[in-house]
Amino acid sequence: MMRSLYQEHAGPLLAYVLRLVAGDRHRAEDVVQETLVRAWRSADRLDPAAGSLRPWLVTVARHIVIDGHRSRLARPQEVDPSPLETLPAEDELDRALRMMTISDALGALTPAHREILIETYFKSRTADEAARLLGIPPGTARSRVYYALRSLRLALEERGVTS
């Protein structure tokens, strides 16, 4: 039965499904195959003597196409990852070298400047919090931050770091 069903209906069914899937031959072949598999699974309920099975096959194929379309709309569209390969990735070696350069530049500062930068930038404290912690007036802390940043910028420029 399946062989005769395929010989009789596969060609016209493929032509019909090709129109439904906008000419995508691979998808159309998959739909026809799934339709014939469903016919095989329902062979006990199908009666070839009752008339042509083509209307039933066309309906099943149309439902498969509709279900496929709905499932593609229900999930997010897949994205091609190849553009990500062209983006430069942050290298751990670059990060380590940057940290070594910053450490070296911090070592060139006076202890008071290094201390205020560590408290304000690396420990994320405000100038007032750093002033209380270091036992200096808040105005002195703000002034030290300003001059420490200027000194650090010069030390980094001496080591070849710009901007």
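A brief structural summary.

Here the focus is the overall build of the protein. Of regular secondary structure, the protein possesses 8 helices and 0 strands. Moving toward the C terminus, one meets the helices and strands of the protein in the order α-α-α-α-α-α-α-α. Since a compact globule built from 163 residues should have a radius of gyration of about 15 Å, the 36 Å found for the protein marks it as more spread out than a globular shape. The principal-axis extent of the C-alpha atoms belonging to the protein is close to 100 × 35 × 25 Å. Per-residue burial for the protein yields a buried fraction of 25% across its 163 residues. In the protein, of all internal contacts separated by at least 6 residues, the share reaching a separation of at least 24 is 56%.

The subject of this paragraph is the packing of helix α6 (residues 111-122) against helix α8 (residues 138-158). α8 packs onto α6 with a crossing angle of 105° between their chain directions and a minimal axis gap of 9 Å. The angle between α6 and α8 falls in the class roughly perpendicular. Within the contact between the two elements, α6 uses Ala112, His113, Ile116, Leu117, Thr120 and Tyr121 and α8 uses Ala141, Arg144, Val145, Tyr147, Ala148, Leu149, Ser151 and Leu152. Here the contact of α6 with α8 is built from residues that sort into 10 nonpolar, 3 polar and 1 charged.

Attention shifts here to the nonpolar core. The biggest cluster of nonpolar side chains holds 17 residues, and the ones touching the most others in it are Leu5, Leu13, Val17, Val31, Val32 and Leu57. When contributions to this core are tallied by element, the ones reaching two or more residues are α1 (2-20), α2 (25-41) and α3 (54-74). Discounting chain neighbours no more than four positions away, the residues touching Val17 are Ala28, Val31, Val32, Ala61 and Val65. Residues Ala105, Ala130, Leu152 and Leu156 belong to the second largest nonpolar core, which totals 14 residues.

Turning to the pattern of salt bridges, a few remarks are in order. Inspection of the entire model under this criterion finds 7 salt bridges. Note that Arg38 is salt-bridged to Glu34, the shortest N-O span being 3.0 Å. Of this pair, Arg38 and Glu34 both sit in helix α2, separated by 4 residues, roughly a single helical turn. Its relative accessible area of 28% is what places Glu34 among the partly exposed residues. One salt bridge connects Arg159 with Asp104, and the closest N-O pair in it is separated by 2.7 Å. Residue Arg159 is found in the segment after α8, and its partner Asp104 is found in helix α5 (residues 92-107); the two are separated by 55 residues along the sequence. According to the relative accessible area criterion, Asp104 is partly exposed, its value standing at 44%.

Bringing the packing of aromatic side chains into the picture now. Inspection of the entire model under this criterion finds 1 aromatic pair. A centroid spacing of 5.0 Å and a plane angle of 85° characterise the contact between Tyr146 and Tyr147, whose relative ring orientation is edge-to-face. By relative accessible area, which is 47% here, Tyr146 ends up partly exposed.

The next point concerns the packing of α6 against helix α7 (residues 127-134). Orientation of α6 relative to α7, taken along the N-to-C sense of each, is 130°, at an axis distance of 9 Å. In terms of orientation, α6 lies oblique with respect to α7. As for the relative orientation of α6 and α7, their crossing is right-handed in sense. In contact with Glu115, Ile116, Glu119 and Thr120 of α6, α7 contributes Ala127, Ala130, Leu133 and Leu134. In the contact of α6 with α7, the residues fall into 5 nonpolar, 1 polar and 2 charged.

Each value, and the rule that gives it
- Residues numbered from 1 in each chain as written.
- Predicted model: local features only at pLDDT ≥ 70, side-chain atom pairs only at ≥ 80, totals over all residues.
- Heavy atoms only, no water.
- Helix = DSSP H or I, 4+ residues; strand = E, 2+ residues; numbered from the N terminus.
- Rg over C-alpha atoms; globule rule 2.2 N^0.38 Å.
- Buried < 20%, exposed > 50% of the residue type's maximum accessible area, 1.4 Å probe, protein only.
- Contact = heavy atoms within 4.5 Å.
- Axes fitted to C-alpha atoms, helices over the stretch in contact; angles between N-to-C directions.
- Parallel < 35°, antiparallel > 145°, perpendicular 65-115°, else oblique.
- Nonpolar A, V, L, I, M, F, W, Y, C, P; charged D, E, K, R; others polar.
- Core = buried A, V, L, I, M, F, W, Y, C linked by side-chain atoms within 4.5 Å.
- Salt bridge = Lys/Arg side-chain N within 4 Å of Asp/Glu carboxyl O.
- Phe/Tyr/Trp six-rings, centres within 6.5 Å; stacked < 30°, edge-to-face > 60°.
- Left-handed = near helix turned anticlockwise from the far one by under 90°.

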